[in-house]
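# Architecture at a glance
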Amino acid sequence: MEMDKGVIMKKHIRYCCRCVLPETKPDLSFDNEGVCSACHYYESRPTIDWEERQKEFLSLVEQYRSKDGSNYDCIVPVSGGKDSTYQVLTLLKYGLRPLCIIATTCQLSEIGRNNIENLKGLGVDCIEYSTNPRVRSTLNRIGLIEVGDISWPEHVAIFTVPVRVAVNFKIPLIVWGENSQHEYGGPASKAHDRVLDRRWLEEFGGLLGLRVSDLIGRDDLTVQDLQLLTYPSQEELDHVGVTGLFLGHYFPWDGYANALLAQANGFQTTPTAIEGSLVNYENLDNIQTGIHDYFKFLKYGFCRVSDIASTHIRRDRMRRDDAIQIVKARDGTFPWTYLGYPLKDVLDRIDMSLDEFVKICDRFTNKQIFQTDNRGNLIKDRLGNLKKINYDNVQLSEL
Ligand SMILES: [Zn+2]
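Procedures and definitions
- Residues numbered from 1 in each chain as written.
- Predicted model: local features only at pLDDT ≥ 70, side-chain atom pairs only at ≥ 80, totals over all residues.
- Heavy atoms only, no water.
- Phe/Tyr/Trp six-rings, centres within 6.5 Å; stacked < 30°, edge-to-face > 60°.
- Lys NZ or Arg CZ within 6 Å of the ring centre and 35° of its normal.
- Donors = N, O, S within 2.8 Å, 3.2 Å for Na, K, Ca; no water.
- Tetrahedral: all angles 85-135°; square planar, octahedral: opposite > 155°, others 65-115°.
- Helix = DSSP H or I, 4+ residues; strand = E, 2+ residues; numbered from the N terminus.
- Buried < 20%, exposed > 50% of the residue type's maximum accessible area, 1.4 Å probe, protein only.
- Pairing = 2+ DSSP bridges.
- Right-handed = clockwise from strand over helix to strand, strands pointing away.
- Polar contact = N/O pair within 3.5 Å; in protein donor to acceptor, adjacent residues only side chain to side chain.
- Contact = heavy atoms within 4.5 Å.
- pLDDT = per-residue confidence, 0-100.
- Core = buried A, V, L, I, M, F, W, Y, C linked by side-chain atoms within 4.5 Å.
- Axes fitted to C-alpha atoms, helices over the stretch in contact; angles between N-to-C directions.
- Parallel < 35°, antiparallel > 145°, perpendicular 65-115°, else oblique.
- Left-handed = near helix turned anticlockwise from the far one by under 90°.
- Nonpolar A, V, L, I, M, F, W, Y, C, P; charged D, E, K, R; others polar.
- Patch = residues over 30% accessible without salt bridge, like charges linked within 9 Å, V, L, I, M, F, W, Y side chains within 5 Å.
- Areas by Shrake-Rupley, 256 points an atom, 1.4 Å probe, with all protein chains shown as cover.
- Salt bridge = Lys/Arg side-chain N within 4 Å of Asp/Glu carboxyl O.
- Expected span 1.5 Å × (residues − 1).

Under the defined criterion, the tally for this structure stands at 15 aromatic pairs. These aromatic residues form a ring-pair network of at least three members: Tyr-294, Phe-295, Phe-334, Trp-336, Phe-357 and Phe-364. We note Arg-53 situated over the ring of Trp-50; from NZ or CZ to the ring centre the distance is 5.7 Å.

Here we come to the coordination of the zinc ion. Of the protein atoms, only Cys-16 (SG), Cys-19 (SG), Cys-36 (SG) and Cys-39 (SG) coordinate the zinc ion, at distances of 2.3 Å. Its four donor atoms give the zinc ion angles of 106 to 113° at the centre, a pattern that matches the tetrahedral case. In primary-sequence terms, the residues that donate to the zinc ion follow C-x2-C-x16-C-x2-C. Residue Cys-16 is found in the segment before α1 (37–43), and its partner Cys-39 is found in helix α1; the two are separated by 23 residues along the sequence. Each of the two residues, Cys-16 as well as Cys-39, counts as buried.

Turning our attention to the pairing of strand β2 (residues 98–103). Across the six residues of β2, six count as buried, placing the element largely inside the fold. In the sheet, strand β1 (residues 74–78) pairs with β2 via five bridges, with the strands oriented parallel. Paired with Ile-75 across the bridge in β2 is Leu-99. Note on the crossover from β1 through helix α3 (residues 82–93) to β2: the handedness is right-handed. Chirality of the crossover, the property in question, places the unit of β2, helix α4 (residues 110–120) and strand β3 (residues 125–129) among those that are right-handed.

Looking at the secondary structure, you find Ser-109 in the loop between β2 and α4. Within the structure, the side chain of Ser-109 is placed 3.0 Å from the backbone nitrogen of Gly-112, a separation counted as a polar contact. Those residues in contact with Ser-109, other than ones at most four positions away along the chain, are Leu-284, Asp-285, Ile-287, Leu-339 and Tyr-341.

Below, the discussion takes up the confidence of the model for the protein. Scored by pLDDT, the protein comes out at a mean of 89, with 89% of its residues at no less than 70. Contacts for the low-pLDDT stretch residues 1–6, under 50 throughout, to residues beyond four places or in other chains number 13 contacts. Residue range residues 184–192 is modelled with pLDDT below 50. Its contacts to residues more than four positions away, or to other chains, number 25 contacts.

Along the polypeptide, Asn-258 turns up in helix α10 (residues 255–264). Under the relative-accessibility criterion, Asn-258 is labelled buried at 3%. Residues within four places of Asn-258 in sequence aside, it is in contact with Lys-82, Asp-83, Tyr-86 and Trp-253.

Turning our eyes to something else, we now look at the nonpolar core. The tendency in soluble globular proteins is for nonpolar side chains to be buried side by side. Grouped together as the largest cluster of nonpolar side chains are 31 residues, with contacts concentrated most on Ile-75, Leu-99, Leu-139, Trp-152, Val-161, Leu-215 and Leu-229. Only β2, α5 (133–147), α6 (152–169) and β4 (173–176) provide two or more residues apiece to this core. Sorting elements by how many residues they give to this core places α6 first, with nine residues. Excluding anything up to four places from it in sequence, Leu-139 contacts Trp-152, Pro-153, Leu-215, Leu-221, Leu-226 and Leu-229. Grouped together as the second largest cluster of nonpolar side chains are 26 residues, Ile-13, Ile-350, Leu-378 and Ile-389 included.

Remark: helix α12 (residues 304–314) packs on helix α13 (residues 320–330), axes separated minimally by 10 Å, with the N-to-C direction vectors making an angle of 165°. In terms of axis orientation, α12 runs roughly antiparallel to α13. Of the two elements, α12 crosses α13, and the hand of that crossing is right-handed. Contacts between α12 and α13 pair Val-305, Ser-306, Ala-309 and Ile-313 from the former with Arg-320, Ala-323, Ile-326, Val-327 and Arg-330 from the latter. Here the contact of α12 with α13 is built from residues that sort into six nonpolar, one polar and two charged.

A cluster of nonpolar side chains, contributed by Trp-336, Leu-354 and Leu-383, occupies part of the molecular surface with about 260 Å² of accessible area. Within the fold, Leu-354 resides in helix α15 (residues 354–364). For Leu-354, a relative accessible area of 35% translates into the label partly exposed.

One pass over the full model with this rule turns up 24 salt bridges. Note that Lys-380 is salt-bridged to Asp-362, the shortest N-O span being 2.9 Å. One end of the pair, Lys-380, is in the segment after α15; the other, Asp-362, is in helix α15, with 18 residues separating them in the sequence. Lys-380 gets classed as partly exposed once you look at its relative accessible area, which sits at 35%. For Asp-362, a relative accessible area of 29% gives the class partly exposed. Within the structure, one salt-bridge network assembled from shared partners comprises Lys-25, Lys-82, Asp-83, Glu-282, Lys-296, Arg-304 and Asp-307.

For α5, with 15 residues, the first-to-last C-alpha span of 20 Å sits near the 21 Å given by 1.5 Å per residue. Buried residues of α5: Val-135, Arg-136, Ser-137, Leu-139, Asn-140, Ile-142, Gly-143, Leu-144 and Val-147, and no others. Elements in contact with the buried residues of α5: α6, α11 (289–300), α14 (343–349) and α15. Sitting at the head of α5, Asn-132 places a side-chain oxygen 2.9 Å from the backbone nitrogen of Arg-134.

Below, the structure written as structure tokens:
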């Protein structure tokens, strides 16, 4: 192992011994054998009676189906990505008539636009909600500076906009995709296996402690500016009887299988794996995603490559030692480009210079998990890339 030369006392990062997720991942827990909670959740899947779950799903949606056909049967929040394409295909297969709600991404890419149009072409009605782009840019900037998440407004909008539409259109059932707490590991309790509600949003929805109501008055933001990002009141929800369920609870979920099905139905991918990722079939719609993912790396020392590789390792599609090499080479590289778009395109839109951006990066970097020099400064290569203190578990005998 390389000795730590920094003044900061560092402890090695511990990784799951089956997948490549680190203990720094929020809400991930390890058992005594060093196996993470996401691997344990995956293992529990074969005991699920999926046929039974499918029946449960059908009887549940039957209760909500518009009896006289005068309204939609359910709302499906969609991004145009592979998972939402799969969601729409599944609902159509069971004869449901969904209203698809697109809460537009912060900075839509060309391929993202093509995939949205492709999704519409599957044969569904869609509402594309685009929130005021000036407000959005202000929120991107605040999110990046305050909580290190440029995509904060997008994460909020994905959850609040469909619920607003459900209330306004009086469509009680919202069919979400996978419970992200499962596939990537997290503490979602049994009670939150099936349903997405206000509590789920606040606990797991990625708000990072920054609440929408806190922003009123900041940079001239008004209540009206934030209307679409505000979760409806309990009274409004009760009036329509809004309920949300996760499709992943009723059907086995596999992002790769969803991508294959989506591609067979016209979904476009990129020619090569996306910057900072392992694959070419996800996170294709928002140019800001490169920055979003990079900050996850700075804070926790892992990024999309670790997440995706771990799901493939669990399914025996990738070897752990190969995954570690790819993580080392591709996870958390400085986001000079994303989907081929230069970083400057994103920074200009939020009125930020490269210098300011790098300073914010350094402020959010967890120096305990990255190499530093003897004055405690982060060590970067000529492209600005950081190096973690270790990429696999360190055995006691190696110390
Ligand atoms: Zn694991």
